[in-house]
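Residue-level structure breakdown
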Amino acid sequence: MELNFPLAEAPDDFSRERGRKLFAAPVEFLKGVVAMKGLPPADRIEVCFAGRSNVGKSSLINALTNRRNLARASNTPGRTQEINYFTTQDGPYLVDLPGYGFAQAPVAVVAKWQALLKDYLSGRATLRRAFVLIDTRHGVKAVDEEILTLLDRAAVPFQVVMTKADKVSAKDCEKVLDQVRKALAKHPAAFPEIVLTSSEKGDGIETLRAIIAGLE
C-alpha cells in the first residue's frame, strides 16, 4: 500500500549539487517589511517559511544557508514581527514570515502582524511554495490548521517541513508523522511529501536545498 505523504527522499547527485551551489553563493538580508506596500518588486519567484513561534524557523533558515546568524533566532516567541526578505544569487527570494501563535507582545501588535501574514499569503503572485514548519515533538496543532486552511483558500502550494527531529525517538517520530499525515489529507494545497529535518544535526538540509533549487 502506498504511503500518503511519504518522507522526501535524499536528492540525486545533480539535484544535490544544484542545491549546494544555490546556497553556497551569497545569501543576504534585503529588507524587513511591515506592510504590503513595502514588498520588494515581484521580479523573481520566492519561497516562504511559516511556522508557530519557537518552531525553529530561524535555526532552519540559518542551517539551510549555512550562515550562523542570517535569520535572528530568539528564545522569546514572537520576536520577529515583520516579513524578512533574503536574496539568493540568481535564485528565489527566501521569505521569513512572522511566527504565529503564542507571542509575548501586546494583543494589538500580534493582530497587526498576523493580518500582514494573511495578506501576504493571499496576495503574492510570485510565491511558488510555502514551507510550513511543524515541530516533530508536537505535530499539527489548531493554530497550524488555520494557516493550512488559509493556504488552501489562497491556492498556495505548501510543503510541511518537520523540525527538531533529533529531539524525539524513532517510535515517537512515527506517531507524530501519522498524526501529521492525517491532518494533511484534509488539505488540497498540501504537497505530497514531508521533509524531516534537524537543524542541529543537519538532517534533511540537503534535501530541502535541492527542493528549493528545483522550483521554477
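What counts and how
- Residues numbered from 1 in each chain as written.
- Predicted model: local features only at pLDDT ≥ 70, side-chain atom pairs only at ≥ 80, totals over all residues.
- Heavy atoms only, no water.
- Helix = DSSP H or I, 4+ residues; strand = E, 2+ residues; numbered from the N terminus.
- Expected span 1.5 Å × (residues − 1).
- Contact = heavy atoms within 4.5 Å.
- Phe/Tyr/Trp six-rings, centres within 6.5 Å; stacked < 30°, edge-to-face > 60°.
- Buried < 20%, exposed > 50% of the residue type's maximum accessible area, 1.4 Å probe, protein only.
- Lys NZ or Arg CZ within 6 Å of the ring centre and 35° of its normal.

Focus on helix H1 (residues 13-24)
For H1, built from twelve residues, the straight-helix expectation of 16 Å at 1.5 Å per residue is met to within 8% by its first-to-last C-alpha distance of 16 Å. For H1, the secondary structure elements touched by its buried residues are strand S1 (27-33), helix H2 (57-65), strand S3 (83-88), strand S4 (93-96) and helix H6 (205-213).

So, the packing of aromatic side chains
One pass over the full model with this rule turns up three aromatic pairs. With 5.6 Å between their ring centres and 65° between their planes, Phe-29 and Phe-86 make a pair best called edge-to-face. Placement of Phe-29 in strand S1 and of Phe-86 in strand S3 is noted, with a sequence separation of 57 residues between them. With relative accessibility at 46%, the residue Phe-29 sits in the partly exposed group. Taking the centre distance of 5.2 Å and the plane angle of 85° together, the rings of Tyr-85 and Tyr-93 count as edge-to-face. Assigned by exposure class, Tyr-85 and Tyr-93 land together as buried. One cation-aromatic arrangement involves Arg-44 over Tyr-93; the distance from NZ or CZ to the ring centre is 4.4 Å. Geometry around Phe-191 places Arg-129 over its ring, the cationic atom sitting 4.0 Å from the centre.

Everything listed is a geometric property; what it means functionally is a separate question.
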